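# Observations on the three-dimensional arrangement
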Amino acid sequence: MSDISVSAAPALTGRLADAARRRLARVPVPVLLSSAFLALLAFAVALPHAVTPYDPLLSEVAHAMQPPDATHWFGTDRIGRDVLARVVYGARYSLLIGLASMLVSLLIGLVIGLTAGLGRRVVDEAASRVFDVLSAFPPVLLSLFVVSFLGQGIINIAVAVGIAGIPKFGRVLRAQTLVVRRADYVTHAVIFGLSRRAVFWRHVLPNVLAAVPVIATIDVGSAIIAVAGLSFLGLGPQPPTPEWGVMLAEGRDVLRVAWWPSVFPGLAITLTVMAFTTIGKYLSRIYGVRTR
Amino acid sequence: MSEITRASSPAAANGPARTLVDVAGLSIGFADVDAGRPLVRGVDLTIRAGECVALVGESGSGKSLTARSLIGLAGAHARVDAARFEIDGRAAAGFRERDWRAVRGGFAGLVMQDALVSLDPLRTVGREIGETLARHVKGQSRAQRVAAVHAVMRDVGIPEPERRAAQYAHELSGGLRQRALIASAIAASPALVIADEPTTALDVTVQAQVLAVLEARLRAGVGVLLISHDLAVVAGIADHVIVMHRGEVVDSGPTRSVLERPSHPYTRQLLAAQPGAHSRGHRLGSARLVERGDATEAGASTIVRERLPVRAHTGGDTVLRVQGIGKRYARGNAGADADAFVALDDVSFDVREGEVLGIVGESGSGKSTSANIVLGLLAPTAGSVEFLGGRWNGAGVNETARSARRPLMRYIPQDPLSAFDPRHAVRRLLADGLHAQRLAKPAVLERSVALLEQVGLDASYLDRFPASLSGGQRQRIAIARAIASKPALIVCDEPVSALDLYVQAQVLDLLCELQAQLGTALLFISHDLDVVQHISDRVLVLKDGRAVETGATAEVFASPQADYTKMLLRSAPALRATRQAA
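What you see is a predicted model, and the numbers here were worked out from it, not measured in a lab.

Next up on the list: the overall build of chain B. Scanning chain B from terminus to terminus reveals 22 helices and 23 strands. Its C-alpha atoms give chain B a radius of gyration of 26 Å, within 12% of the compact-globule value 25 Å for 582 residues. Principal axes of the C-alpha set define a box for chain B whose edges measure 75 × 60 × 50 Å. Within chain B, the fraction of its 582 residues that count as buried is 53%. Intrachain contacts of chain B at a sequence separation of at least 6 include 69% that bridge at least 24 residues.

Shown next, in the form of structure tokens:
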């Protein structure tokens, strides 16, 4: 008995490892790189002090405007703060505000989308017109609008960017709801005597939510850009907060003599957005194959 | 290209018929499928001018692949090997793409199953047919070509070809569309027509018309390769039948001898599993074909079947009473009644306890509309439905009012895959069926396993997902879900139409058996007259939303009263040989 389990165990783990390797081998390299980059970012968000020994807010005027070298890998800015430390600590702001605004779009979009998809025609029409009006404005303009009502600040900017993203989620989820609502399996559940509530929780909602991971991942990327843009304009977190958009704005003043205070936060934004988009596109591809 | 000869006129075909296709030991495989193991193995096939050869087999048996290889369309990476591979007397093994292009359309025309996707939606039918002519018949003027198009459309029985030629595929009915597809295949007078399931999506009356068109080509000296999953369809037209099973030929020979004296167990099983009036009250899945004992008439055989269990109870109280239901759809904004589209008009029927009522009709006859009204999914514009003595629709009856009786009416769909939530495993699908009984978790599991066993599956299926099940297994799960609440009535909408014949036989057996045990009434909707004859006690014939005839199944089928029923029965293909033997 014990003989069998001993001899079987390595074979089994070997097989599992094989399967895992095969599955990994099928994932395209850009997706792997993007995942690695996002993992790094997540680490920076959780434990920034483990990545860099410097304080992002501490200015050493004596070392101001130093180009990248062995001590300050990304150089220092106008008042002598370490750019690497600021980029690393900045991940916290940019990423969390991006995620928060995505959640705002998702929750409001989901509620309106479900109501539109399940409700009467009048409700559907009304909701669809709301989406039309929201998407008639360029997203940044709409966010500017909201911020000017709510005032500046981290939470307000997340809400502002989130509101601009509502139609994107709302439209997709409304369409998905309409499809699911008319699906044979929902009709079947009605024939089987499930109550409206049971049909909703067991069949409609899970199948509508199936579309969420894909759009959410892609949306986080664009939310991060929007947040950085608004911060650049001075509507988000205020200096000296090490937010990437704020850093870009600060770096702009010295761009003529020093490229590093602007290029590194800019690179951080670009790579983050690319990573989210790459993974989102990949998810949409495998998701499409699996459910249809 | 000019060396490709065209169909000789019938007068010239007096000598020994020209051999169009001569293939021996054909095997086809793909390097990337099944490790390069051939999907079709050892097929011998000969087609002569004026002869119809039928390839018969269930889905996946390799019949389409075989036929496509004859015109070089087996696929880009297909490996085609054969001991002899002669098309029109020339060794085709070394054919290059340009040689194949000359064969296609000029020597051989291909007719596919679905005319709607096979015809270009952006071009008129006339242009589509003219294209073959332009490619293969040189030196025609434009006017000549138009005249030729009209002539070939008339040949295949399309009325008013001048008007139809200017229409698009979606503007034509299914039958006309299929005929237009045949017209485009035969426009350049090919010597061989390959018809791949040409009638599968069609109603029986239209199917009869399309088969008549093919028969006319045969008389004109064209060779026909007919591919079908249905033995009955080919029985009437084919000279030679080849039965394929899992990539191999299991039976081959003149039609009469294959149908009367099949040599292979698979063919015998297929013939024995055919439903019909003669199989009522018997099992199909276990039916066997046996040689007659006296053997005076060489090889004549008969079918031996087991009896189904005796029904628990029949003909008691009325379960379902449908009175004068109708459904109209307003067209456009016209409030005028005359302008409405009538989907169903004044249809009445009863279903009694433990009884099977069959509803037959062609597409658009209102079968599914009736089912949806009975199920309470669609509100009729006229008439009423009573279920178990209580009102089931109309003013004041909503889903809440129906909810208490919901578990007593169940439904089995044609395509269970779309009726199953794709995110749910069998365990949860069955739990849905048991939902109304409000059982505790362990009890649900216990009942689920019991249900799976009742439909011939077992507990190992609990965690399977519907996408990983075969068609027959899915239908069994659908049946298990339906009987879970011990319903008084099950509405079955074409429950076996999508299944291969032998699987269909097994599912029908299961349905009949459970129906007999549980005493459930069935409302059995089907376009297949054989299946309806096999299963139903009474039958209702629908046409264009009206009931044309109703009565006991045996009487209606033996002596139909309405003209439409007579035509329907005439059009239905029949396995004449076995009918006589049975």
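The discussion continues.
As a further point, take the packing of aromatic side chains. Scanning all chains against the criterion turns up eight aromatic pairs over all chains. Residues W259 of chain A and W260 of chain A carry aromatic rings whose centres are separated by 5.8 Å and whose planes lie at 90 degrees to one another, so their mutual orientation is edge-to-face. Accessibility expressed as a relative area gives 44% for W259 of chain A, which makes it partly exposed. Taking the centre distance of 5.0 Å and the plane angle of 70 degrees together, the rings of F387 of chain B and W392 of chain B count as edge-to-face. When its relative accessible area of 0% is taken as the criterion, W392 of chain B is described as buried. Put simply, the rings of F74, W259, W260 and F264 of chain A touch in pairs and so form one group of aromatic residues.

All names here are of chain A. The geometry of helix 8 (residues 166-182) relative to helix 11 (residues 212-232) is characterised by a closest axis approach of 11 Å and an angle of 165 degrees between their N-to-C directions. The angle between helix 8 and helix 11 places the two elements in the roughly antiparallel class. Viewed along their axes, helix 8 and helix 11 form a crossing whose handedness is right-handed. Mapping the contact onto sequence places K168, F169, V172 and L173 in helix 8 and V212, I215, A216, D219 and S222 in helix 11.

A common way to express how large an interface is: the accessible area buried when the components associate. With 16 residues of chain A at the interface, the matching set in chain B holds 22 residues. Note on chain A versus chain B: buried area summed over both sides is about 1800 Å², and carbon and sulfur give 59% of it. On the chain A side of the contact with chain B, I191, F192 and R202 of chain A bury the most area, a combined 41% of that side's loss. Along the contact surface separating chain A from chain B lie one salt bridge. Residues D432 of chain B and R202 of chain A are paired through a salt bridge, measuring 2.7 Å at the closest nitrogen-oxygen approach. Across the contact surface, chain A and chain B share seven residue pairs in polar contact (both at pLDDT 80 or more). Put simply, the parts of the chain that give the side of chain A that touches chain B at least two residues each are helix 9 (184-191) and helix 10 (196-209) of chain A. With six residues, the single largest contributor to the side of chain A that touches chain B is helix 9 of chain A.

This part takes up the layout of surface pockets. For the second largest pocket, the calculated volume is near 960 Å³. The wall of the second largest pocket is formed by 27 residues, among which V186, V190, R196 and V199 of chain A together with E399 of chain B lie closest to the centre. With four residues, the single largest contributor to the lining of the second largest pocket is helix 10 of chain A. In terms of residue class, the lining of the second largest pocket is built from 11 nonpolar, 10 polar and six charged.

All names here are of chain B. A surface patch of like charges, here positive, comprises R96, R98, R101, R135 and K138. Position of K138 relative to the elements: it lies in the loop between helix 4 (125-136) and helix 5 (142-155). Note on K138: relative accessible area 57%, which makes it exposed.

Let's shift gears to the sheet that holds strand 21 (residues 521-526) of chain B. All names here are of chain B. The strand order across the open sheet built from six strands is 19-20-21-16-22-23, with neighbouring strands paired in mixed fashion. Looking at strand neighbours, the two that pair on one side only are strand 19 (409-412) and strand 23 (546-552), the edges of this open sheet. The mean inter-strand angle of the sheet, taken between neighbouring strand axes irrespective of direction, is 15 degrees. Note: strand 19 against strand 20 (residues 489-493), four bridges, orientation parallel. Bridge pairing in strand 20 links R410 to I490. On the sheet, helix 21 (residues 563-571) packs against strand 22 (538-543) and strand 23 and is oriented at approximately 100 degrees with respect to strand 22.

As a further point, take the nonpolar core. In this structure, L320, F349, V374, M409, L489, V491 and L523 of chain B are the most contacted members of the largest nonpolar core, which totals 76 residues. A total of 10 residues in this core trace back to one element, the largest contributor, which is helix 4 (residues 83-118) of chain A. Excluding residues that lie within four positions of it along the chain, F349 of chain B makes contacts with L320, R321, V322, L357, I359, V374, L523 and L540 of chain B.

Let us look at the environment of E197 of chain B. All names here are of chain B. Take E197: it is sitting in the loop between strand 8 (192-196) and helix 8 (204-219). Sequence-wise, E197 and V56 are 141 residues apart; in three dimensions their C-alpha atoms are separated by 9.8 Å. In this view, E197 contacts K63, Q113, I227, S228 and H229; residues no more than four positions away in its chain are not counted.

What follows deals with the pairing of strand 21 of chain B. Residue and element names in this part refer to chain B. Burial analysis of strand 21 places six of its six residues in the buried class, which makes it a mostly covered element. Residues A521, L523 and I525 of strand 21 are buried on one face, and the alternating residues L522, F524 and S526, pointing to the opposite face, are buried as well. Sheet topology note: the strand 16 (residues 356-360)/strand 21 ladder contains five bridges and is parallel. Looking at the pairing, V356 lines up with L522 of strand 21. Sheet topology note: the strand 20/strand 21 ladder contains five bridges and is parallel. If you follow I490 over to strand 21, its bridge partner there is L522.

Another aspect to go through is the packing of helix 4 of chain A against helix 10 of chain A. Residues and elements named next belong to chain A. Remark: helix 4 packs on helix 10, axes separated minimally by 12 Å, with the N-to-C direction vectors making an angle of 120 degrees. Here helix 10 runs oblique to helix 4, going by the angle between their axes. Note on packing geometry: the crossing formed by helix 4 with helix 10 is right-handed. Residues L110, L114 and L118 of helix 4 touch helix 10, and the partners they reach there are F200, V204, L205, V208 and L209.

Glancing now at the confidence of the model for chain A. Looking at chain A as a whole, the pLDDT averages 82, with 89% of positions reaching at least 70. Confidence drops under pLDDT 50 across residues 1-14 of chain A; counting only partners more than four residues distant or on other chains, this segment forms zero contacts.

With that out of the way, let us pick up helix 11 (residues 265-272) of chain B. The buried fraction of helix 11 of chain B amounts to six of the eight residues, a majority that puts the element mostly inside the structure. Buried within helix 11 of chain B are the following residues: Y266, T267, R268, L270, L271 and A272 of chain B.

So, about the environment of Q533 of chain B. Residues and elements named next belong to chain B. Along the chain, the position of Q533 falls in helix 19 (residues 529-535). Overall, the relative accessible area of 13% leaves Q533 in the buried class. Put simply, Q533 and F557 are 24 residues apart on the chain and 7.9 Å apart in space, counted from C-alpha to C-alpha. Not counting the four nearest positions on each side in its chain, Q533 is found in contact with G276, A277, R280, T553 and F557.

Residue and element names in this part refer to chain A. A contiguous nonpolar patch, built from F43, L47 and V51 and spanning about 230 Å² of accessible area, is present on the exposed surface. With respect to the element layout, V51 can be found in helix 3 (residues 48-51). With relative accessibility at 39%, the residue V51 sits in the partly exposed group.

Residues and elements named next belong to chain B. Summed over the entire model, instances satisfying the criterion amount to zero disulfides over all chains. Cysteine C492 is unpaired, with the sulfur of C512 as its nearest cysteine sulfur at 10.0 Å. When its relative accessible area of 8% is taken as the criterion, C512 is described as buried.

Side-chain pairing between opposite charges can occur once the charged atoms of the two side chains come close. Counted under the stated rule, the structure contains 32 salt bridges over all chains. Two residues, D463 of chain B and R427 of chain B, come together in a salt bridge whose shortest N-O distance is 3.1 Å. Here the residue D463 of chain B occupies a position in the loop between helix 16 (441-454) and helix 17 (471-483), and R427 of chain B occupies one in helix 15 (residues 426-434), the gap between them amounting to 36 residues. When its relative accessible area of 51% is taken as the criterion, D463 of chain B is described as exposed. Because the salt bridges share partners, they merge into one network encompassing E125, R129, D132 and R171 of chain A.

Rules used in this analysis
Residues numbered from 1 in each chain as written. Chains lettered and ligands numbered in written order. Predicted model: local features only at pLDDT ≥ 70, side-chain atom pairs only at ≥ 80, totals over all residues. Heavy atoms only, no water. Helix = DSSP H or I, 4+ residues; strand = E, 2+ residues; numbered from the N terminus. Rg over C-alpha atoms; globule rule 2.2 N^0.38 Å. Buried < 20%, exposed > 50% of the residue type's maximum accessible area, 1.4 Å probe, protein only. Contact = heavy atoms within 4.5 Å. Phe/Tyr/Trp six-rings, centres within 6.5 Å; stacked < 30°, edge-to-face > 60°. Axes fitted to C-alpha atoms, helices over the stretch in contact; angles between N-to-C directions. Parallel < 35°, antiparallel > 145°, perpendicular 65-115°, else oblique. Left-handed = near helix turned anticlockwise from the far one by under 90°. Buried area = accessible area lost by both parts, 1.4 Å probe. Salt bridge = Lys/Arg side-chain N within 4 Å of Asp/Glu carboxyl O. Polar contact = N/O pair within 3.5 Å; in protein donor to acceptor, adjacent residues only side chain to side chain. 1 Å grid on protein atoms, 1.4 Å probe; cavity = no way out; pocket = protein on both sides within 12 Å on 5 of 7 lines; lining within 4 Å. Points joined across faces, edges and corners; volume = space filled by probe spheres on them. Nonpolar A, V, L, I, M, F, W, Y, C, P; charged D, E, K, R; others polar. Patch = residues over 30% accessible without salt bridge, like charges linked within 9 Å, V, L, I, M, F, W, Y side chains within 5 Å. Areas by Shrake-Rupley, 256 points an atom, 1.4 Å probe, with all protein chains shown as cover. Lys, Arg positive; Asp, Glu negative; His and termini not counted. Charge placed at Lys NZ, Arg CZ, Asp CG, Glu CD. Pairing = 2+ DSSP bridges. Core = buried A, V, L, I, M, F, W, Y, C linked by side-chain atoms within 4.5 Å. pLDDT = per-residue confidence, 0-100. Disulfide = S-S within 2.5 Å.

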